[in-house]
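The primary structure of each chain is shown beneath.
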Amino acid sequence: MNNARKGTIRAINGPVIRGVHMTGFGIHEMVEVGEDRRLGEIISLDVDHAVIQVYEQTEGLKVGESIYSTGEPLSVVLGPGLLMNMYDGIERPLERIRDAHGDFMATGVKMPALDAEKKWDVTMHIHVGDTVAPGVIFATCKETVLIEHRSMVPAGVAGKVTEVAANGIYTVEDVLAKVETEDGNTVELKLAQRWPVRRPRTVSRRLATNDLLVTGQRVLDVFFPIAKGGTVAIPGGFGTGKTMLQHQIAKFCDADVIVYIGCGERGNEMTDVLDSFPQLVDPNTGENLMNRTILIANTSNMPVAAREASIYTGITMAEYYRDMGYDVALMADSTSRWAEALREISGRLEEMPAEEGYPAYLSSRIAQFYERAGRVENLNHSIGSVTLIGAVSPAGGDFSEPVTEATKRYVKVFLGLDKELAYSRHYPAINWMDSYSGYLDLLANDYIDRTDVDVMALRRKMMEILLEESKLNDIVSLVGADVLPEEQRLVLDIARILRVGYLQQNSFHEIDTYVPLQKQVRMLQVIDTLYENGKDLLALHAPLSVVHDEELFQQVTMMKYNVPNDDLSAIDALEESIVSHYDALKLQYQGEDAS
C-alpha cells in the first residue's frame with residue numbers, strides 16, 4: 001500500500017468523515033482513517049476536500065488525525081479459502097479474528113482474508129512459451145470436497161509465459177508463474193488476486209436464462225420458477241418468513257456455490273445460519289453444505305456504512321466463482337437494510353432527500369446490483385451464472401414503499417409474502433395471487449427435458465383453479481358454499497388440496513423439507529387426475545357427496561409426507577387407485593343414465 005499521501009480529519013459526523021489536504025487522492029479510493037487505521041472509502045472529492053464513509057465505528061477519532069492513502073479502490077482478495085468461511089462486510093475473516101482477539105473486535109483490527117499459511121495442492125495448466133490472456137485458467141486446486149478452485153489470469157494481464165512452477169504444494173502468496181506483457185513488464189501470477197468490489201467482472205457474452213434453478217420448494221420450482229442467472233425479490237412484512245425461505249433456498253438449491261449475506265439483520269438470524277448450515281447435508285451431493293458456502297455477516301449492531309460494502313463484497317465473490325464456470329446463488333437478507341444505510345449516509349451528507357427520505361439515486365443503486373446477475377459465457381469460454389435473491393423488508397408489509405417499488409422494476413421473479421398466510425402457519429407464505437415469475441416461457445423446454453411433461457400447461461391449469469377459488473370465496477363469504485353449483489364446489493375442494501397438500505410445505509419434516517422436481521410434477525399430475533375424474537363423474541349427474549371420497553382426497557393431500565422422495569411408486573399406485581375408483585363409479589352412473 002502507498003501511504004505517501006496523507007490528509008487530515010476536519011469533521012466527524014457518525015460514519016461520515018470530512019477530510020482536507022486530500023489532493024492526489026482518488027474517488028472511491030480505499031483509505032485508512034486515524035492512528036489506528038480504520039478502513040474507509042472516499043465517496044466525494046472536491047479539489048482537496050473529501051467525504052469518507054468509514055466501515056468501522058468512529059468513536060474515539062479526533063479532528064486533526066491523519067487520513068492515509070492506500071492507492072487502490074475498495075477491493076477484496078479472491079482465491080482458494082473463501083469457501084467454508086465467514087466474513088464481515090469488508091472481508092475480514094471473523095472466525096480467525098475471534099480466535100486471535102476474542103469475541104469483541106476492536107477498531108482497526110486487520111487480518112488477511114485468506115490464510116497465508118494454508119497450503120494447497122496445485123496443478124499447473126500452462127507452460128513456458130504459452131500465450132495467456134485475462135480469464136485463462138492457469139492453475140487448479142481442490143478447495144473443498146465439492147469445489148475445484150480454478151485460478152485465472154487477472155484482468156489486464158496478457159502476454160507470454162516465461163516461468164512456471166512445478167505441480168506441488170503452495171500458499172496463496174507463492175509465485176506460480178511469470179508473464180511477460182507486450183510492454184515488456186513482468187507480472188507474477190499467484191493463487192490470490194484482488195478485485196475492486198464496485199466494478200463488475202468482465203465476461204465474454206451474456207446468455208439466455210433458460211436453465212431452471214431447482215430449489216426443492218414446490219411453490220417455487222413449479223409455480224414461480226427461478227432461472228439460473230435470474231433475479232428474485234422476496235418482499236414481506238415482519239414475521240412472514242423471508243429469512244426462512246432464503247435459508248431453504250440456500251440449503252437445497254442446485255447451485256454449485258452459495259454466497260449468503262446477512263445485511264443488517266439481527267444477530268440471532270445469523271446465529272441460526274451458523275448453527276444450522278454446518279449440520280446440513282447437501283441433497284445434491286451428500287456432502288456437508290458448508291463445502292460450497294460463503295457467509296458474510298454484517299448484523300444490525302455492526303457499523304451501518306459496512307452494510308453497503310457487504311452487498312458489493314458478496315456479489316464480487318459470486319462473480320469470481322461464476323468466472324470459473326460455476327452456478328452461484330447469492331442471498332441478500334435484506335436489501336432494505338442496505339437501502340436504510342444509504343439513507344443514513346445520504347442524510348449525514350445533507351443531500352436532498354427523495355421519497356421517505358431515501359436518496360434520489362436509490363433506484364439506480366438497486367439496478368446496478370441486480371444487473372450483475374446473469375448467465376454468461378466467461379472469458380475462458382466456460383458457462384457460469386449468478387442468481388441474485390434479495391429479501392425486502394417493507395415497513396408494515398407495505399409493498400408500495402420505495403425500496404419494494406424500485407426492486408420490482410429490476411427483478412423477473414416477485415415472491416410476495418402474505419401476513420395472513422404466515423399467521424395461519426402456511427409456509428412458504430407466498431401469495432400466489434400477487435406473485436409472478438418472468439421465466440415461465442424461457443424454462444418451458446427445460447421442464448420437458450427434465451421431466452418429459454408439459455409442466456407449464458399443467459401449471460396454467462392449476463393456477464386457473466386457484467384463481468377461480470379466489471373469485472368463489474367472495475361469493476362463499478356472503479351466501480355460503482351450498483348455493484354454488486357442484487362443479488364449482490369441486491373446484492373449491494381441489495383448490496384446498498393444492499393449497500394444503502402442494503403449496504404448503506413443511507420445512508421441518510424429513511421428507512417434505514426438500515422435494516425433487518420429478519416428485520413435484522408427479523404430485524401435480526395426481527391432483528389433476530383427481531380433478532378430471534371428479535369432473536367426468538359430475539357430468540354423469542353423480543352428486544358431489546359421491547365424487548368427494550374423503551379417504552381418497554385425504555390420501556392425495558398427505559402424499560407429500562407419505563411418499564419417499566427416492567421412490568415414487570406409491571404415487572403411481574395412488575394414481576391407479578384414483579382411476580380405478582372413479583372408473584367403477586362411472587360405470588355405475590352410466591348404467592343409471594342408460595336406464
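Residues numbered from 1 in each chain as written. Predicted model: local features only at pLDDT ≥ 70, side-chain atom pairs only at ≥ 80, totals over all residues. Heavy atoms only, no water.

Thoughts on the overall build of the protein
Along the backbone of the protein there are 16 helices and 26 strands. In terms of its C-alpha atoms, the protein occupies a principal-axis envelope of roughly 105 × 55 × 40 Å. The buried share among the 595 residues of the protein stands at 55%. When contacts within the protein are restricted to residue pairs at least 6 apart in sequence, long-range pairs at least 24 apart make up 70% of them. (Helix = DSSP H or I, 4+ residues; strand = E, 2+ residues; numbered from the N terminus. Buried < 20%, exposed > 50% of the residue type's maximum accessible area, 1.4 Å probe, protein only. Contact = heavy atoms within 4.5 Å.)

So, the pairing of strand β22 (residues 327-333)
With 7 of its 7 residues buried, β22 lies for the most part within the structure. Covered by surrounding structure in β22 are Asp327, Ala329, Met331 and Asp333 together with Val328, Leu330 and Ala332, the residues of both alternating faces. Sheet topology places strand β20 (residues 257-263) next to β22; 6 bridges connect them, and they run parallel. Directly across from Ile261, in β22, lies its bridge partner Ala332. In this sheet, strand β24 (residues 383-392) lies alongside β22 in parallel orientation, the contact comprising 6 bridges. (Pairing = 2+ DSSP bridges.)

A look at helix α8 (residues 402-410)
Three or four residues apart is the spacing at which side chains of an α-helix point the same way, because the helix has 3.6 residues per turn. Where α8 is concerned, the buried positions are Pro402, Val403, Thr404, Ala406 and Thr407. Where α8 is buried, its residues touch β19 (231-235), α6 (335-348), α7 (362-370), β24 and β25 (413-414). Near the N-terminus of α8, the side chain that reaches the backbone nitrogen of Val403, with its oxygen 3.3 Å away, is that of Glu401. (Polar contact = N/O pair within 3.5 Å; in protein donor to acceptor, adjacent residues only side chain to side chain.)

Description of the pattern of salt bridges
This model, assessed by the stated rule, comprises 32 salt bridges. Put simply, Arg372 and Glu319 hold a salt bridge, and the shortest N to O gap is 2.8 Å. Linking Arg372 in the loop between α7 and β23 (374-377) with Glu319 in helix α5 (residues 305-323), this pair joins segments that are 53 residues apart in sequence. Overall, Glu319 belongs to the buried group, its relative accessible area being 1%. (Salt bridge = Lys/Arg side-chain N within 4 Å of Asp/Glu carboxyl O.)

Thoughts on the pairing of β19
The element β19 is extensively covered by neighbouring structure, given that 5 of its 5 residues are classed as buried. Here β19 shows a buried face lined by Thr231, Ala233 and Pro235 and a second buried face lined by Val232 and Ile234. Bridge count for β19 against β24 is 5 bridges, and the pairing is parallel. For Ile234, the partnering residue across the bridge sits in β24 and is Ala391.

Some words on unusual backbone geometry
Most peptide bonds adopt trans geometry, and most residues besides glycine take a negative phi value. Of the consecutive residues Asp333 and Ser334, the connecting peptide bond is found in the cis state with omega at -5°. Residue Tyr427 is joined to Pro428 through a cis peptide bond whose omega torsion reads -10°. If you trace the backbone, Pro428 turns up in the loop between α9 (419-423) and β26 (436-437). The phi angle at His28 is positive, at roughly 65°, despite the residue not being glycine. Inspection of the secondary structure puts His28 in the loop between β2 (16-20) and β3 (29-33). Assessed through its relative accessible area of 33%, His28 is described here as partly exposed. One non-glycine residue with positive phi stands out, namely Met84, at about 65°.

Observations regarding the packing of helix α12 (residues 486-503) against helix α13 (residues 517-539)
Viewed as axis vectors pointing N to C, α12 and α13 meet at an angle of 165°, and their least axial separation amounts to 10 Å. If you check the angle between α12 and α13, you find them roughly antiparallel. Crossing angle aside, the handedness with which α12 passes α13 is right-handed. Of the residues in α13, those in contact with Glu486, Glu487, Leu490, Val491, Ile494, Ile497, Leu498, Gly501 and Tyr502 of α12 are Gln520, Val521, Met523, Leu524, Ile527, Leu530, Tyr531, Gly534, Lys535 and Leu538. Classifying every residue of the contact of α12 with α13 by side-chain character gives 13 nonpolar, 3 polar and 3 charged. (Axes fitted to C-alpha atoms, helices over the stretch in contact; angles between N-to-C directions. Parallel < 35°, antiparallel > 145°, perpendicular 65-115°, else oblique. Left-handed = near helix turned anticlockwise from the far one by under 90°. Nonpolar A, V, L, I, M, F, W, Y, C, P; charged D, E, K, R; others polar.)

Digging into the sheet that holds strand β16 (residues 186-189)
The strand order across the open sheet formed by 4 strands is β10-β13-β15-β16, and the pairing between neighbours is antiparallel. Two strands in the sheet have a free side with no partner beyond their single neighbour: β10 (131-132) and β16. In this structure, strand β13 (residues 159-164) lies alongside strand β15 (residues 177-181), joined through 5 bridges in antiparallel fashion. Paired with Lys160 across the strands is Glu180, a residue of β15.

A closer look at the packing of aromatic side chains
Applying the stated criterion across every chain, the model contains 8 aromatic pairs. Here the aromatic rings of Phe252 and Tyr514 are separated by 5.6 Å at their centres, their planes lie at 40°, and the arrangement is tilted. Remark: Tyr514 occurs in the loop between α12 and α13 and Phe252 occurs in helix α3 (residues 242-252); sequence separation between them is 262 residues. For the pair Phe252 and Tyr514, a shared accessibility class is recorded, and that class is buried. Judged by centre distance (5.6 Å) and plane angle (80°), the ring pair of Tyr320 and Tyr321 falls under edge-to-face. Taken together, the ring pairs connect Tyr312, Trp338, Phe369 and Tyr370 into an aromatic cluster. (Phe/Tyr/Trp six-rings, centres within 6.5 Å; stacked < 30°, edge-to-face > 60°.)

Observations concerning α13
Here α13 contains 23 residues, and its C-alpha end-to-end distance of 33 Å stays within 8% of the 33 Å for a straight helix at 1.5 Å per residue. Where burial is concerned, most of α13 is hidden: 17 out of the 23 residues are buried. (Expected span 1.5 Å × (residues − 1).)

Describing the side chain of Ser151
Turning to its location among the elements, Ser151 is positioned in strand β12 (residues 148-152). For Ser151, the residues in contact, after removing those within four places along its chain, are Val136, Ile137, Phe138, Ala139 and Leu191.

Observations regarding the nonpolar core
Counting residues in hydrophobic clusters, the biggest one holds 88 residues, and the most contacted among them are Phe223 and Ile527. Looking at this core, the element that brings in the most residues is α13, giving 10 residues. With 78 residues, the next largest nonpolar core counts Phe138, Val161, Ala305 and Ile311 among its residues. (Core = buried A, V, L, I, M, F, W, Y, C linked by side-chain atoms within 4.5 Å.)

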